[in-house]
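What follows is the residue order along each chain.
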Amino acid sequence: MVLYSLTDALAYNFLLVGAVAVYLQEQGIDPDLLRRHLQSPDPDRYVTQEALDLVAGLMGRPAMDGRPEPTWHFVGRDIAERGVAQETGRPGRSKR
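Residues numbered from 1 in each chain as written. Predicted model: local features only at pLDDT ≥ 70, side-chain atom pairs only at ≥ 80, totals over all residues. Heavy atoms only, no water.

**Student:** Can you break down the overall build of the protein chain residue by residue, with the values?
**Tutor:** For the protein chain, the count of helices and strands is 4 helices and 0 strands. When the helices and strands of the protein chain are listed from N to C terminus, the series reads α-α-α-α. The proportion of buried residues among the 96 residues of the protein chain is 22%. Considering only contacts in the protein chain between residues 6 or more positions apart, those separated by 24 or more positions represent 32%. Roughly 7,100 Å² of accessible area belongs to the protein chain as shown, and the carbon and sulfur atoms make up 59% of that amount. (Helix = DSSP H or I, 4+ residues; strand = E, 2+ residues; numbered from the N terminus. Buried < 20%, exposed > 50% of the residue type's maximum accessible area, 1.4 Å probe, protein only. Contact = heavy atoms within 4.5 Å. Areas by Shrake-Rupley, 256 points an atom, 1.4 Å probe, with all protein chains shown as cover.)

**Student:** Tell me about the pattern of salt bridges, residues and numbers included.
**Tutor:** Oppositely charged side chains can pair when the atoms bearing their charge come close. Within this structure, the stated rule accounts for 5 salt bridges. One network of salt bridges, with partners in common, ties together Glu69, Arg77 and Glu81. (Salt bridge = Lys/Arg side-chain N within 4 Å of Asp/Glu carboxyl O.)

**Student:** Please give an account of the side chain of Ser40 that cites residues and values.
**Tutor:** Mapped onto the fold, Ser40 is located in the loop between α2 (31-38) and α3 (49-58). Separated by 3.1 Å, the side chain of Ser40 and the backbone nitrogen of Asp42 make a polar contact. Beyond its immediate stretch of four places on either side in the chain, Ser40 contacts Arg35, Arg45 and Tyr46. (Polar contact = N/O pair within 3.5 Å; in protein donor to acceptor, adjacent residues only side chain to side chain.)

**Student:** Explain the confidence of the model for the protein chain to me, using residue names and the numbers behind them.
**Tutor:** The predicted model of the protein chain averages 89 in pLDDT, with 88% of residues at 70 or higher. Mean pLDDT across the elements of the protein chain bottoms out in helix α4 (residues 71-88) (87) and peaks in α3 (96). (pLDDT = per-residue confidence, 0-100.)

**Student:** Would you mind going over a nonpolar patch on the surface in detail, with residue names and values included?
**Tutor:** A cluster of nonpolar side chains, Tyr23, Leu58, Met59 and Ile79, forms an exposed patch at the surface whose accessible area comes to about 360 Å². Take Ile79: it is sitting in helix α4. (Patch = residues over 30% accessible without salt bridge, like charges linked within 9 Å, V, L, I, M, F, W, Y side chains within 5 Å.)

**Student:** Describe unusual backbone geometry, and please don't skip the residues or the numbers.
**Tutor:** Across residues other than glycine, the phi torsion is negative in most instances, and most of the peptide bonds are trans. Its identity as a non-glycine residue notwithstanding, Gln39 has a phi of 55°, on the positive side. Inspection of the secondary structure puts Gln39 in the loop between α2 and α3.

**Student:** Talk me through the environment of Gly60; I want residue IDs and the actual numbers.
**Tutor:** Locating Gly60 in the fold gives a position in the loop between α3 and α4. Among the residues examined, Gly60 registers a relative accessible area of 59% and is labelled exposed. Once the C-alpha coordinates of Gly60 and Asp78 are considered, the two residues, 18 residues apart in sequence, prove to be 9.6 Å apart.

**Student:** So what's going on with the packing of aromatic side chains? Which residues, and what values?
**Tutor:** Taken as a whole and judged by the stated rule, the model has 2 aromatic pairs. Residues Tyr12 and Trp72 carry aromatic rings whose centres are separated by 6.0 Å and whose planes lie at 75° to one another, so their mutual orientation is edge-to-face. With Tyr12 in helix α1 (residues 2-26) and Trp72 in helix α4, this pair connects stretches of sequence that are 60 residues apart. Here Trp72 falls in the partly exposed class, since its relative accessible area comes to 23%. Relative to Tyr46, the ring of Phe14 has its centre 5.1 Å away and its plane inclined at 45°; by these criteria the two rings are tilted. Here the residue Phe14 occupies a position in helix α1, and Tyr46 occupies one in the loop between α2 and α3, the gap between them amounting to 32 residues. Using a relative accessible area of 31% as the deciding quantity, one classes Phe14 as partly exposed. (Phe/Tyr/Trp six-rings, centres within 6.5 Å; stacked < 30°, edge-to-face > 60°.)

Rendered as structure tokens:
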């Protein structure tokens with residue numbers, strides 16, 4: 001069970017690092033600075049489709065037209081909507 005939990009934690013950590021890398025790349029951070037902080041000569045190794053989908057959802061970008069909403073896009077969008085609801089005092093989305 002411990003190894004199972006550790007592999008889950010590793011997967012989520014990789015997703016989180018990828019999402020931060022995507023966001024920083026979009027913000028125009030110096031590529032050398034990003035490589036140093038990620039301790040990797042190739043920061044794109046962390047940029048997966050899941051990380052791209054998560055950032056798109058967090059930023060409120062629409063999902064790709066013509067296909068179902070990717071899971072991580074939904075998760076990011078849900079996090080963003082709940083955060084906005086808390087800041088404005090509006091009720092959040094109902095639990096499904």
